[in-house]
Amino acid sequence: MVLNKETESEPWVYSHIRTAFAVLTHFICVGFTVFITVLSRPGSSLFSWHPFFMTLSFSFFMTEAILLFSPQGSLIRKFPHKTKGRVHWILQSACLCCAILGVTAIIYNKYLNDKPHFTSWHGLLGVITVFVVVWQSLAAVPLIYHSLVKGWSLAKLKRYHAASGLVTYLLGSISLLFGLNSTWFTASVSGYAWYLSALCPALTALVVMNQVTGAYMARKRLQS
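So, here's what we can say about the structure. Treat the numbers as computed from the prediction; the structure is a model and nothing was measured. (Residues numbered from 1 in each chain as written. Predicted model: local features only at pLDDT ≥ 70, side-chain atom pairs only at ≥ 80, totals over all residues. Heavy atoms only, no water.)

1. Points about the packing of aromatic side chains
Note on aromatic pairs: each is described by the distance of the centres and the angle between the planes. Put simply, the rule reads: Ring pairs are drawn from Phe, Tyr and Trp, using the six-membered ring of Trp, whenever the two centres fall within 6.5 Å, and their geometry is named by plane angle: stacked under 30 degrees, edge-to-face over 60, tilted for the rest. Here a strand is any run of E in DSSP of at least two residues, a helix any run of H or I of at least four, and the numbering for each starts at the N terminus. Buried residues are those whose accessible area, probed at 1.4 Å on protein chains only, stays under 20% of the maximum for their type, while exposed residues exceed 50% and partly exposed ones sit between those limits. Definition used: whenever NZ (Lys) or CZ (Arg) falls within 6 Å of the ring centre and also within 35 degrees of the ring normal, the charge is taken to sit over that ring.
Evaluation of the coordinates by the stated rule reveals ten aromatic pairs. Ring plane angle 25° and centroid distance 5.5 Å describe the contact between Trp49 and Phe53, whose orientation is recorded as stacked. Pair noted here: Trp49 and Phe53 are both in helix H3 (residues 49-67), with a separation of four residues, about one helical turn. Given the relative accessible area of 32%, Trp49 is considered partly exposed. Ring geometry for Phe52 against Phe53: centres 5.2 Å apart, planes inclined by 55°, an arrangement best described as tilted. Residues Phe52 and Phe53 agree in their burial class; the two are buried. By way of ring pairs, the aromatic residues Phe35, Phe47, Trp184 and Phe185 are connected into one cluster. Its end group placed over the ring of Trp152, Lys156 keeps NZ or CZ at 5.7 Å from the ring centre.

So this is what it looks like as structure tokens:
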């Protein structure tokens with residue numbers, strides 16, 4: 001309700017620009033995920049499951065889970081907030097499962113090929129991001145079962161969850177960008193296609209950052 005009022009008072013052109021970018025983000029997260037799926041050909045090798053699951057996790061599930069709360073880009077905008085929360089929980093659970101499967105695939109692949117683990121920025125940041133996703137998911141449990149925590153208001157928990165969620169999403173986006181610099185990806189994609197690929201996680205990260213920070217600033221202005 002608060003966000004809707006803030007959106008209605010927003011200049012017409014800004015509202016339409018936000019809507020256009022939100023819609024574009026849906027197409028980007030789906031298109032980028034399909035592109036990596038075709039490129040990796042999941043099932044062709046053990047390694048192929050790593051880029052597939054990690055892209056599915058962060059580019060698709062986590063992006064869509066956050067966009068559910070976008071005033072302009074939510075696919076279930078007219079549904080109650082409680083319903084959005086449940087769908088968000090389902091998508092984030094899928095994100096967590098895919099992230100764990102993706103990191104397990106690359107760890108086991110390196111083990112079979114007797115290669116060192118986490119020797120690149122992509123590998124190091126990637127495993128840190130997965131641990132952060134696990135922590136973020138566990139920390140979100142009190143949002144569903146508020147009786148588990150005492151002395152914390154639900155509003156404060158939601159603010160902390162949104163802030164930490166944004167950090168988690170940015171870590172995932174940076175991990176994807178580092179992955180685009182890997183030998184596997186650059187051997188198949190180069191030139192303008194590489195820059196276009198890199199633009200996908202960068203643009204979705206900017207849209208998500210704008211959504212989360214915009215929602216926080218809107219609440220702060222209305223409370224002041």
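Next comes the rest of the write-up.
2. Regarding helix H7 (residues 154-179)
Because each turn of an α-helix spans 3.6 residues, side chains separated by three or four positions in sequence point in the same direction. Test applied: Working rule for helices: expected span equals 1.5 Å times residues minus one.
Its 26 residues place the ends of H7 37 Å apart at the C-alpha level, agreeing with the 38 Å of an ideal helix rising 1.5 Å per residue. Three or more residues of H7 are buried, namely Leu157, Ser164, Gly165, Leu166, Thr168, Tyr169, Leu171, Gly172, Ser173, Ser175, Leu176 and Gly179.

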